[in-house]
Amino acid sequence: SRRIHLEPLAMLFNKLNGMFCHCIIGRGAEFGPGFVLIHSTGVVINGNVKGGTRVFLEHQVTIGAEKQQTPIIEDDVFVGAGAKIVGPVRIGSHARVGANAVVVKNVPAYATVGGIPARVLKQRAPESRPASEGETELLDELASECQPENHGWWQAAHIPQDIDESAIPSVP
């Protein structure tokens, strides 16, 4: 919004988001394409946080600064419900942060972390092959489906229209 001089509009949407969705994302936070808030309630993100593509956050996640240093989140990261990521840490690509984990140290790529403080629970090997075109398209399609401009509760396009109602059991 800063690049195209929409600061007042960004401020308005930020305030509305905080009031109605109980989600606070600092106006300076930057994430790449495919950033998804799975459930936005209670999410707090510092305005200096930088994130890569396809970052998925569940509800009650806090990504904040410590001594004016903020986390960097690389590509293809999943952060579970209630997790806290604080300070000058780097979350490596393809990492997974478990629910309610408190991350205060760097997370290696392809690692799964959990606990308070978070520790590596599992270290996956990087895929030895690049993702196929079909896999990349599927991931991109899933991420775009979660984008608000492509989907919403007011749209019924995602509901199949050819349901065989006789196959649905009746409730006595």
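Residues numbered from 1 in each chain as written. Predicted model: local features only at pLDDT ≥ 70, side-chain atom pairs only at ≥ 80, totals over all residues. Heavy atoms only, no water.

## Brief notes about the overall build of the protein chain
- A count of helices and strands for the protein chain gives two helices and 14 strands.
- Counting all 172 residues of the protein chain, 30% fall into the buried class.
- When contacts within the protein chain are restricted to residue pairs at least 6 apart in sequence, those whose partners lie at least 24 apart make up 6%.
- Accessible surface, the protein chain: about 11300 Å² in total, of which carbon and sulfur atoms supply 59%. (Helix = DSSP H or I, 4+ residues; strand = E, 2+ residues; numbered from the N terminus. Buried < 20%, exposed > 50% of the residue type's maximum accessible area, 1.4 Å probe, protein only. Contact = heavy atoms within 4.5 Å. Areas by Shrake-Rupley, 256 points an atom, 1.4 Å probe, with all protein chains shown as cover.)

## Looking at the environment of Val113
- For Val113, the position within the fold is in strand E13 (residues 111-114).
- Counting along the chain gives 10 residues from Val113 to Gln123, while the straight-line C-alpha distance between them is 8.8 Å.
- Those residues in contact with Val113 that sit more than four places away from it in its chain are Arg96, Val97, Gly98, Val103, Val107, Ala118, Arg119, Val120 and Leu121.

## Focus on unusual backbone geometry
- In this chain, Ile116 is followed by Pro117 through a cis amide linkage whose omega measures -10 degrees.
- Counting through the fold element by element, Pro117 comes out in the loop between E13 and strand E14 (119-123).
- Here the phi dihedral of Arg54 falls at roughly 50 degrees; this positive angle occurs in a residue that is not glycine.
- Summarising the element assignment, Arg54 is placed in the loop between strand E4 (50-51) and strand E5 (55-57).
- Even without a glycine there, the phi angle at Gln60 is positive, about 65 degrees.
- Along the chain, the position of Gln60 falls in the loop between E5 and strand E6 (62-64).

## Concerning the sheet that holds strand E9 (residues 84-86)
- Read from one edge to the other, the open sheet built from five strands follows the order E1-E3-E6-E9-E12, with strand pairing classed as parallel. Strands with a single pairing partner mark the edges of an open sheet, and in this sheet they are strand E1 (24-25) and strand E12 (102-103).
- With two bridges joining them, strand E3 (residues 44-45) and E6 adopt parallel strand pairing. Each bridged residue has a counterpart across the sheet, and for Ile45 the counterpart in E6 is Ile63. (Pairing = 2+ DSSP bridges.)

## Observations concerning the sheet that holds strand E10 (residues 90-91)
- Pairing is parallel across the open sheet formed by three strands, whose spatial order is E4-E7-E10. Taken across any chain shown, the strands that pair with only one partner, and hence form the sheet edges, are E4 and E10.
- Judged from the two bridges that link them, E4 and strand E7 (residues 72-73) form a sheet pairing that is parallel. Among the inter-strand pairings, Lys50 is bridged to a residue of E7, identified as Ile72.

## Structural notes on the confidence of the model for the protein chain
- Overall, the predicted model of the protein chain reaches an average pLDDT of 81, with 73% of residues at or above 70.
- For the stretch residues 151-155, pLDDT sits under 50, and the model shows five contacts to residues farther than four places along the chain or on other chains. (pLDDT = per-residue confidence, 0-100.)

## A word on the packing of aromatic side chains
- Taken as a whole and assessed by the stated rule, the structure comprises one aromatic pair.
- Taken together, a centroid distance of 4.1 Å and an interplanar angle of 20 degrees make the contact between Phe31 and Phe35 stacked. (Phe/Tyr/Trp six-rings, centres within 6.5 Å; stacked < 30°, edge-to-face > 60°.)

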